Structure formats: C-alpha cells, structure tokens
Amino acid sequence: MKKLWMTVGLPRSGKTTSARGMNMPIVNPDSIRLALHGQRFIEESEPMVWAMAKYMVAALFEAGHDDVVLDTTNTTVKRRDEWIDKRWVRKMVVMPATKETCIERANALDDAYILPIIEKMAAQFEPYDWANEDMEWERHI
Ligand SMILES: Nc1ncnc2c1ncn2[C@@H]1O[C@H](COP(=O)(O)OP(=O)(O)O)[C@@H](O)[C@H]1O
Ligand SMILES: [Mg+2]
C-alpha cells in the first residue's frame, strides 16, 4: 500500500528539515504558495493551494512513487482527516519540538511574522487520539 507520510508540527518545529532527509518526493503547501503567487500567505488563494497539494500527492503516487511526504503542520484532526483516501495510507511523522523551541527558532531566524501563527496553532493543537484516528503514528527525532 502506498504511504503518505504527514509531518505533524508547529511552524519551525523542523518539518521541512525532516522531510528533506526522508529521501522521498515532498509536497509542501509553502512551496506551492511561492510558486502560485510568490507570497507567504494569501487567504483567497488557499483553496487553490490545497487543491494543488491534493493533486500533486495523487499524481506522484500515480507516477509510481510508493512514498510521498506531505510537509505541512497537520496539527488538527480536521487537517489530518482531509487526507484520508483509498489510494494510500497515512503515516504521521510527529515533530518533538515544543512551542517554546519553535518560538526560539523563529526569533533566531528573525521571523516575527510567524510568532503569532505559532501561538495560534499551539492553542488549536489536537494531539493524536488512538481511539478515534485510525492510522499508524510515528515519531521522528
Ligand atoms: N532537529 C533540529 N534541531 C535544531 N534545529 C532544527 C532542527 N530541525 C530544524 N531546525 C532548525 O529550525 C528551523 C526551522 O526548521 P524547518 O525545518 O524549516 O521547520 P518547519 O518546516 O517546521 O517550519 C531551521 O532554522 C532549522 O535549521
Ligand atoms: Mg517548513
């Protein structure tokens, strides 16, 4: 069965660094945003960004890849459930970094833009629930 490896972590938790080390094709909505409109985030473009991400994942599997990494936050059940699909199984790759670590890294990168986003996503974070989410769960360190 084909596997969609989904990173789970706040901004600056190390998702992209980990994804690049996994030796698999990567689908990253941040990259789609830059390719589509050249900005970090434009609300009106988000439906197109996510539609493109879904088709990129499906097309990479269709082209013959057995593993694809989806490099995005995936920090809520709703976000994770959007990727349930008969054509692949989901595997979660959980970033161990705490909110405080993510904030430290954002500060080290002089990236004030991301700080309120880290706070908001940390407040909304929904950890994995074995009873209600039917998937394998893996921790990446
Ligand atoms: N395991 C790690 N230990 C220390 N720093 C890390 C680690 N993983 C990533 N970083 C650093 O943290 C910052 C954010 O990493 P990145 O992979 O871009 O996170 P994300 O994709 O989750 O926003 C970068 O400066 C990166 O070099
Ligand atoms: Mg990233």
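What this report covers is the structure whose coordinates are included nearby. Since we're looking at a predicted model, the values are computed, not measured.

### Brief notes about the overall build of the protein chain
So, step 1. Counting its regular elements, the protein chain contains six helices and five strands.
So, step 2. If you line up the protein chain on its principal axes, its C-alpha atoms span 40 × 35 × 25 Å.
So, step 3. Taking all 141 residues of the protein chain together, 39% fall into the buried category.
So, step 4. A sequence separation of at least 24 residues applies to 77% of the contacts in the protein chain between residues at least 6 apart.
So, step 5. For the protein chain, the accessible surface area stands at approximately 8,300 Å², while carbon and sulfur atoms represent 54% of it.
So, step 6. For the protein chain, the separation between the mean place of its 19 positive charges and that of its 22 negative charges on side chains is 2 Å.

### Structural notes on the site of ligand 1
So, step 1. Around ligand 1, the neighbouring residues are Leu 10, Pro 11, Arg 12, Ser 13, Gly 14, Lys 15, Thr 16, Thr 17, Arg 105 and Leu 109.
So, step 2. Lys 15 places a polar side-chain atom, nitrogen or oxygen, 2.8 Å from an oxygen atom of ligand 1.
So, step 3. Arg 105 has a polar side-chain atom sitting 3.3 Å from a nitrogen atom of ligand 1.
So, step 4. Because more than half of its atoms lie within 2 Å of the grid, ligand 1 is assigned to the largest pocket.
So, step 5. In terms of residues, the shell around ligand 1 owes the most to one element, helix H1 (residues 15–20), which gives three residues.
So, step 6. The residue makeup of the shell around ligand 1, split by class, is three nonpolar, four polar and three charged.

### Focus on the pattern of salt bridges
So, step 1. Per the counting criterion, the structure on display carries nine salt bridges.
So, step 2. Between Asp 111 and Arg 12 there is a salt bridge, with the nearest N and O atoms lying 3.3 Å from each other. Within this pair, whereas Asp 111 is found in the loop between helix H5 (99–108) and helix H6 (115–124), its partner Arg 12 is found in the loop between strand E1 (3–8) and H1, the two being separated by 99 residues in sequence.
So, step 3. Relative accessible area serves as the criterion here: at 27%, Arg 12 is assigned to the partly exposed category.
So, step 4. Ionic pairing is found between Asp 111 and Arg 40, a salt bridge with its closest N-O pair at 3.0 Å. Placement of Asp 111 in the loop between H5 and H6 and of Arg 40 in the loop between helix H2 (29–36) and helix H3 (46–62) is noted, with a sequence separation of 71 residues between them.
So, step 5. Judged by relative accessible area, Asp 111 falls into the buried class, the value being 11%.
So, step 6. Residues joined in a network through salt bridges with shared partners are Arg 12, Arg 40 and Asp 111.

### Some remarks on a nonpolar patch on the surface
So, step 1. Taken together, the side chains of Leu 36, Met 48 and Met 52 make up a nonpolar region of the molecular surface, amounting to roughly 250 Å² of accessible area.
So, step 2. Within the fold, Met 52 resides in helix H3.
So, step 3. We classify Met 52 as partly exposed; its relative accessible area is 30%.

### A closer look at the layout of surface pockets
So, step 1. Quantified by volume, the largest pocket comes out at close to 1,100 Å³.
So, step 2. When contributions to the lining of the largest pocket are tallied by element, the ones reaching two or more residues are H1, H2, H3 and H6.
So, step 3. Of the residues contributing to the lining of the largest pocket, the split by class is 10 nonpolar, 11 polar and 12 charged.

Scoring rules and cut-offs
Residues numbered from 1 in each chain as written. Chains lettered and ligands numbered in written order. Predicted model: local features only at pLDDT ≥ 70, side-chain atom pairs only at ≥ 80, totals over all residues. Heavy atoms only, no water. Helix = DSSP H or I, 4+ residues; strand = E, 2+ residues; numbered from the N terminus. Buried < 20%, exposed > 50% of the residue type's maximum accessible area, 1.4 Å probe, protein only. Contact = heavy atoms within 4.5 Å. Areas by Shrake-Rupley, 256 points an atom, 1.4 Å probe, with all protein chains shown as cover. Lys, Arg positive; Asp, Glu negative; His and termini not counted. Charge placed at Lys NZ, Arg CZ, Asp CG, Glu CD. Near = heavy atom within 4 Å. Polar contact = N/O pair within 3.5 Å; in protein donor to acceptor, adjacent residues only side chain to side chain. 1 Å grid on protein atoms, 1.4 Å probe; cavity = no way out; pocket = protein on both sides within 12 Å on 5 of 7 lines; lining within 4 Å. Sits in = over half its atoms within 2 Å of the grid points. Nonpolar A, V, L, I, M, F, W, Y, C, P; charged D, E, K, R; others polar. Salt bridge = Lys/Arg side-chain N within 4 Å of Asp/Glu carboxyl O. Patch = residues over 30% accessible without salt bridge, like charges linked within 9 Å, V, L, I, M, F, W, Y side chains within 5 Å. Points joined across faces, edges and corners; volume = space filled by probe spheres on them.

Nothing here speaks to function; it is all geometry.
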